[in-house]
There are 2 protein chains.
Amino acid sequence: MTYCVGLFLSEGLVLLADTRTNAGVDNVSTYSKTFVWERPGNRVIVLMTAGNLAVTQAAVNLIDEGLAPEDDPDAEPDTMFSVPTMFEAARLVGRAVRRVHAYDAKAMKAQDAPFAASFLLGGQLRDRTLRLFEIYAAGNFIAATPDTPFLQIGEHKYGKPILDRALSYSATRLIDGMKLALLSMDSTVRSNLSVGFPLDLVTYRRDTLKIERQVRIEESDPYVTLLSRHWSDALRTAYHDLPAPEWPTGHVHAS
Amino acid sequence: MTYCVGLFLSEGLVLLADTRTNAGVDNVSTYSKTFVWERPGNRVIVLMTAGNLAVTQAAVNLIDEGLAPEDDPDAEPDTMFSVPTMFEAARLVGRAVRRVHAYDAKAMKAQDAPFAASFLLGGQLRDRTLRLFEIYAAGNFIAATPDTPFLQIGEHKYGKPILDRALSYSATRLIDGMKLALLSMDSTVRSNLSVGFPLDLVTYRRDTLKIERQVRIEESDPYVTLLSRHWSDALRTAYHDLPAPEWPTGHVHAS
């Protein structure tokens, strides 16, 4: 399993992925699921992957090699450095996963291995708007919007409540988005053994056309340790301070 | 879907269930999934159910009618008022769900309807210890312990992080347990449409042998509205107050 979360904020993007992969609990490895294509001043494109590692690695390989459009196989192959928009970048990812599906899905199905893959793709090209997409195994995709300012792939449930309550496209600053993404990840890591450190964090500030920060975070990182402990303390204080319910004892029907 | 949570605390039990059932998003109903057998001074037994409503309703019916042991069908049927221990009460629930399985599972399977059922069973009998069990569709079961002071059935992931962080068998008082169970439910209701109000809340104070409080809570309940709003505010304040990460910008490897 995997957990990746992308925040789409007025100030920019926060993208966070774990690196754990597992095929059963006794076959656990660390793989980066984060890929960056950056040409400062021209484009920043970041991809995070979840699902079957053989599928997503094959897709990333095809993207790096370049893929011609399906309806014009003799054309110059598209790459992340040639696509003119983030929309076309998302289509390139979709085309790659469809190509992997065409090549591998039948053999996988014959052995009951599900064809599972999903992607977060965020970034910006010069003179274009900032975008964040979630791309499905079928190669189609959706975009984050100010109404829905985050997208998640993989083991998404444990880390969703904190984002539902606290995240806002316009009010959450990039620095606070980093905290929220890390708290969302921390909740997931605590609850699901198959999501684990180290983490890959990428932040991008809108219209700068270069990566603001790309950090590999180890489990021993003092900030993450502090964040997790402070957060648990803050939650305990917060719920203690909540007013107590005043429903009477006995068998009653409230309100 | 359903969400039920049971807290096993040194002061007693908090049990909370939603009441929504659905067969597709356009077939949503309200059913109580909470059943109480109480004889003050002698026993308090509370059952909460999740899964296929036809299965769990049939099981509760069989429990109410009474079931003889499988190896002695001519014996006096056991009921929740005759079982001598909570352990035997859990076995009675298990026996009931196995009986339903024997009667219905083959026909359900023929129509691809999964035989899904799970139960939380909490309570105490005179001169016996307080117990909280989770009973599976196969009729076997596990008990909550001071190390694992809560059990969940149904849509459990959204509501787990707050319990993982804040709940303690010995330190969480019953009144705070009510808040935590409601916060755990609130996170779930916000994230999953198939879990919904009204809620059924039961609290039991250890060694009292009577229900402390059984409340049906409507969505309009002023306390629940206040709790949810205060909690969102508290979380936003708490994460704002967390220290900011100090990782440098650029491409770095932290710690």
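Relevant structure appears above.
Residues numbered from 1 in each chain as written. Chains lettered and ligands numbered in written order. Predicted model: local features only at pLDDT ≥ 70, side-chain atom pairs only at ≥ 80, totals over all residues. Heavy atoms only, no water.

1. With respect to helix α2 (residues 86–110) of chain A
Residue and element names in this part refer to chain A.
Turning to step 1, where the next piece is worked out: The end-to-end C-alpha separation of α2 is 35 Å, in line with the 36 Å expected for 25 residues at 1.5 Å each.
Turning to step 2, where the next piece is worked out: Maximal helix bending in α2 amounts to about 50°, located at D104.
Turning to step 3, where the next piece is worked out: Every buried residue of α2 is accounted for by M86, A89, A90, L92, V93, G94, R95, A96, V97, V100, A105 and M108.
Turning to step 4, where the next piece is worked out: Immediately beyond the C-terminal end of α2, within one or two residues, lies D112, with a positive phi of roughly 60°. (Helix = DSSP H or I, 4+ residues; strand = E, 2+ residues; numbered from the N terminus. Expected span 1.5 Å × (residues − 1). Bend = angle between axes of the 7 residues up to and from the residue. Buried < 20%, exposed > 50% of the residue type's maximum accessible area, 1.4 Å probe, protein only.)

2. Describing the pattern of salt bridges
Side chains that carry opposite charge are capable of pairing whenever their charged atoms lie near each other.
Turning to step 1, where the next piece is worked out: For the structure on display, the rule yields 28 salt bridges over all chains.
Turning to step 2, where the next piece is worked out: Note that A:K179 is salt-bridged to A:D176, the shortest N-O span being 3.0 Å. One end of the pair is A:K179 and the other is A:D176, both in helix α4 (residues 174–191) and three residues apart, which spans about a single turn. Taken individually, A:K179 and A:D176 each receive the classification buried, so the pair is uniform in this respect.
Turning to step 3, where the next piece is worked out: Between B:D78 and B:R95 there is a salt bridge, with its nearest N and O atoms 3.1 Å apart. Separated by 17 residues along the polypeptide, B:D78 in the loop between α1 (53–65) and α2 (86–110) and B:R95 in helix α2 bring together distant segments of the chain.
Turning to step 4, where the next piece is worked out: When its relative accessible area of 9% is taken as the criterion, B:R95 is described as buried.
Turning to step 5, where the next piece is worked out: Shared partners join several salt bridges into a network, and the residues in it are A:E11, A:R173, A:R205, A:E212 and A:R213. (Salt bridge = Lys/Arg side-chain N within 4 Å of Asp/Glu carboxyl O.)

3. Overview of the sheet that holds strand β6 (residues 43–51) of chain B
Residues and elements named next belong to chain B.
Turning to step 1, where the next piece is worked out: Reading across from one edge, β5-β6-β7-β8-β9 is the order of the five strands in this open sheet, with antiparallel pairing throughout. Each having just a single partner strand, β5 (34–39) and β9 (141–143) make up the two edges of the open sheet. Averaged over neighbouring strand pairs, the angle between their axes works out to 15° when direction is ignored.
Turning to step 2, where the next piece is worked out: Most of the contacts of α1 go to β6, to which it runs at about 155°, and overall it touches β5, β6 and β7 (117–125). (Pairing = 2+ DSSP bridges. Axes fitted to C-alpha atoms, helices over the stretch in contact; angles between N-to-C directions. Contact = heavy atoms within 4.5 Å.)

Read these as spatial facts, not as claims about activity.
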